[in-house]
Amino acid sequence: MNRKSIRSWLMYDWANSAFATTMLAAVMPIYYKSVAGQGLEGNMAENYWGYTQSAGMLLVAVLSPVLGAIADASGSKVKFLAVFAFMGALASSGMALAGEGDWLLASILVILGTLGFSGGNTFYDGLLTDIAGPEERSAISSRGYAIGYLGGGVLLAVNVAMIMGHDMFGFPDETTGMRAAFLTVGIWWLLFSIPLFRHVKERSRPHVQGGIGVHIRAGFGRIAHTFKTARRYPELLKYMIAYWFFNDGINTIITMATIYGAGIGIGTSHLIIALLITQFVGYPSTLLFIPLARRMGDKRALYLSLSIYLVIVVLGYFMTSALHFYILAFMVGLVQGGSQAISRSLYANLTPPSRSAEFFGFLSLSSKFSSVAGPLIFAVVGTLTGSSRIAIVSVAAFFIIGMVLLRFVDLEKGAREALAGEA
């Protein structure tokens, strides 16, 4: 195991988490509402943001099989990762050019940034098998997840200082501070990606015959094959369907919470500080969920986290002050990392060990398609009712359906099915 390669790989999680925090969760939604969406009537800025998130995830979902095929066949994952990282970083910094009323330009840049972020992760995740053996991957993956919390949180803290203390940085107002923050995301992303580009090497593989069209067809063919064989594992399928719902609820809260807060009148500085709270509470809480899950059992721990999310959504309807938003941000930080880590480990236990990469790839693709639904439902409900409060309550349906479906999953039987399939 090459320690330098592992450290370099981990640094990319530190690097690109800046996009997830500053662009998707914290600063950009506020900027979209107050600046780029200026002139839009009622709650249309929130609705357009929801449509933008859905469009970005749909584009990533459609391209995932193609990207996966290229990653497997080309032996050039690092090069393709560099291309997508550059695209995402350029789109992030380009947000500084979106001025008042430029909501369409902002939406296009967010979609391109999402493609760079999620598309690049296709190649980044694939590099894990090149730097570590099977027995080490889980621990290294968890370390990357935790380091991503810290990296995104550190830059977000800097961005908060740039926006709230804009005078100290020589900026005339908060808006200019936000635009400068967008520039820092692109620089941060590229700067801390350099160790990976320099030190992570792919294992040599036999040359794959055929052009790019052959590899793309193979990628879609592999997805179809996985879908057919997944029917041999009914508990895995039931869990996957439940996951589509509750994971979509989690993703919708991540992407829509800040612009929802802005829409009901929470101030910019309060919104960003709240997201900062989520980021730094999330790091220790994720680690604390490990002994909690051992004591309660993974399934009960997951139920607990999803129940808290359900409470968060309901309380969000009644939220009126910055203090309320702080409390909800703290609650999200308590369960966000733990719920995602537990749901991933449960899925791993239900997959045949020798085909885990194949089934995780299928989960990644299918969950990206399902993730279109949450922001889309938020936007549609907000458009039809004219109320973002009703729109946020609609997200509760994803958690309720997911929890109900989870009750029908027999984890022990599923683990036996996975081992039987291996035999």
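Just above sits the structure.
So, here's what we can say about the structure. None of these values were measured; they are calculated from a predicted model.

Observations regarding the overall build of the chain
Then, number 1: Secondary structure summary: the chain contains 18 helices and zero strands in total.
Then, number 2: Put simply, the chain has 423 residues, and 53% of those count as buried.
Then, number 3: Of all intrachain contacts in the chain linking residues separated by at least 6 positions in sequence, the fraction that spans at least 24 positions is 85%.
Then, number 4: Accessible area for the chain stands at about 17,800 Å²; split by element, carbon and sulfur atoms hold 67% of it.

Some points on the packing of helix H3 (residues 77-94) against helix H4 (residues 103-126)
Then, number 1: Contact geometry of H3 with H4 gives a least axis separation of 8 Å together with a crossing angle of 155°. Of the possible angle classes, the one that applies to H3 and H4 is roughly antiparallel. The element H3 and its partner H4 pack so that their crossing is left-handed. Contacts from Lys77, Phe80, Leu81, Phe84, Met87, Gly88, Ala91 and Gly94 in H3 reach Leu109, Leu112, Gly113, Leu115, Gly116, Gly119, Gly120, Phe123, Tyr124 and Gly126 in H4.
Then, number 2: Its residues placed into classes, the contact of H3 with H4 shows ten nonpolar, seven polar and one charged.

Description of the packing of aromatic side chains
Then, number 1: Throughout the structure, instances matching the rule amount to 18 aromatic pairs.
Then, number 2: Ring centres of Tyr31 and Phe182 lie 5.1 Å apart, and the angle between their planes is 90°; this geometry places the pair in the edge-to-face category. Of the two residues, Tyr31 is situated in helix H1 (residues 3-36) and Phe182 in helix H7 (residues 174-191); the sequence distance between them amounts to 151 residues.
Then, number 3: Judged by centre distance (5.3 Å) and plane angle (10°), the ring pair of Tyr309 and Phe399 falls under stacked. Residue Tyr309 is located in helix H12 (residues 298-318), and its partner Phe399 is located in helix H17 (residues 396-407); the two are separated by 90 residues in the primary sequence.
Then, number 4: Judged by its relative accessible area of 0%, Tyr309 is buried.
Then, number 5: Feature note: the residues Trp9, Tyr12 and Tyr124 constitute an aromatic cluster, connected by ring pairs.

Observations concerning H17
Then, number 1: Along its twelve residues, H17 runs 17 Å from first to last C-alpha, staying within 8% of the 16 Å computed at 1.5 Å per residue.
Then, number 2: Of the positions making up H17, those classed as buried are Ala396, Phe398, Phe399, Gly402, Met403 and Leu406. Each buried residue of H17 lies within a common arc of 160° when the element is viewed along its axis, so the set occupies one face.
Then, number 3: On its buried face, H17 sits against helix H10 (234-263), H12, helix H15 (373-385) and helix H16 (388-394).

Quick notes on the environment of Met296
Then, number 1: With respect to the helices and strands, the residue Met296 is situated in helix H11 (residues 268-296).
Then, number 2: Residue class for Met296 comes out partly exposed when judged on its relative accessible area of 31%.
Then, number 3: Dropping the residues within four chain positions of it, Met296 is found in contact with Ala301 and Leu304.

Description of H1
Then, number 1: At Val27, H1 shows its maximal bend, which comes to roughly 60°, and the proline Pro29 appears one to four places after that position.
Then, number 2: With 28 of 34 residues buried, H1 is to be regarded as a mostly interior element.

A look at the environment of Thr184
Then, number 1: Examined against the element boundaries, Thr184 turns out to sit in helix H7.
Then, number 2: Spatially, the C-alpha atoms of Thr184 and Ala89 are 9.3 Å apart, while their sequence positions differ by 95 residues.
Then, number 3: Ignoring any residue separated from it by four or fewer positions in sequence, one finds Thr184 in contact with Leu155, Asn159 and Met162.
Then, number 4: Within the structure, the side chain of Thr184 is placed 2.5 Å from the backbone oxygen of Ala181, a separation counted as a polar contact.

What to know about the nonpolar core
Then, number 1: With 106 residues, the main nonpolar core has Trp9, Met28, Leu196, Tyr239, Phe246 and Phe399 as its most contacted residues.
Then, number 2: Among the elements that make up this core, the one with the highest residue count is H1 (19 residues).
Then, number 3: Non-local contacts of Tyr239, meaning those with residues more than four positions away in its chain, are made with Phe246, Leu302, Ser343, Leu346, Tyr347, Leu350, Leu406 and Val409.

Comments concerning the side chain of Asn159
Then, number 1: When you line up the elements, Asn159 lands in helix H6 (residues 134-164).
Then, number 2: If sequence neighbours within four positions are ignored, Asn159 has contacts with Thr22, Ala181, Thr184 and Val185.

Overview of a positive patch on the surface
Then, number 1: Taken together, the side chains of Arg3, Lys4, Arg7, Arg143 and Arg198 make up a positively charged region of the molecular surface.
Then, number 2: Ranked by residues supplied to the positive patch, first place goes to H1 with three residues.
Then, number 3: Along the polypeptide, Lys4 turns up in helix H1.

Considerations on the side chain of Glu235
Then, number 1: Tracing the backbone through its elements, the reader meets Glu235 in helix H10.
Then, number 2: Taking relative accessible area as the criterion, Glu235 reaches 3% and is therefore assigned buried.
Then, number 3: Ignoring any residue separated from it by four or fewer positions in sequence, one finds Glu235 in contact with Leu350, Phe408, Val409, Asp410, Lys413, Gly414 and Glu417.

Observations concerning the pattern of salt bridges
Then, number 1: Scanning all chains against the criterion turns up three salt bridges.
Then, number 2: Lys33 is paired through a salt bridge with Glu46; the nearest N and O atoms lie 3.0 Å apart. On the criterion of sequence distance, the pair formed by Lys33 in helix H1 and Glu46 in helix H2 (residues 44-74) is long-range, its members being 13 residues apart.
Then, number 3: A single salt-bridge network, built from bridges that share partners, covers Glu235, Lys238 and Lys413.

What about the packing of H1 against H7?
Then, number 1: In contact at an axis separation of 9 Å, H1 and H7 are set at 160° when each is read in the N-to-C sense. Regarding the angle of H1 to H7, the classification is roughly antiparallel. Crossing handedness for the pair H1 and H7: left-handed.
Then, number 2: Residue composition of the contact of H1 with H7, by class: 16 nonpolar, three polar and one charged.

What counts and what doesn't
- Residues numbered from 1 in each chain as written.
- Predicted model: local features only at pLDDT ≥ 70, side-chain atom pairs only at ≥ 80, totals over all residues.
- Heavy atoms only, no water.
- Helix = DSSP H or I, 4+ residues; strand = E, 2+ residues; numbered from the N terminus.
- Buried < 20%, exposed > 50% of the residue type's maximum accessible area, 1.4 Å probe, protein only.
- Contact = heavy atoms within 4.5 Å.
- Areas by Shrake-Rupley, 256 points an atom, 1.4 Å probe, with all protein chains shown as cover.
- Axes fitted to C-alpha atoms, helices over the stretch in contact; angles between N-to-C directions.
- Parallel < 35°, antiparallel > 145°, perpendicular 65-115°, else oblique.
- Left-handed = near helix turned anticlockwise from the far one by under 90°.
- Nonpolar A, V, L, I, M, F, W, Y, C, P; charged D, E, K, R; others polar.
- Phe/Tyr/Trp six-rings, centres within 6.5 Å; stacked < 30°, edge-to-face > 60°.
- Expected span 1.5 Å × (residues − 1).
- Arc of directions from axis to C-beta.
- Bend = angle between axes of the 7 residues up to and from the residue.
- Polar contact = N/O pair within 3.5 Å; in protein donor to acceptor, adjacent residues only side chain to side chain.
- Core = buried A, V, L, I, M, F, W, Y, C linked by side-chain atoms within 4.5 Å.
- Patch = residues over 30% accessible without salt bridge, like charges linked within 9 Å, V, L, I, M, F, W, Y side chains within 5 Å.
- Salt bridge = Lys/Arg side-chain N within 4 Å of Asp/Glu carboxyl O.
- Lys, Arg positive; Asp, Glu negative; His and termini not counted.
- Charge placed at Lys NZ, Arg CZ, Asp CG, Glu CD.

These values are about where atoms sit, not about what they do.
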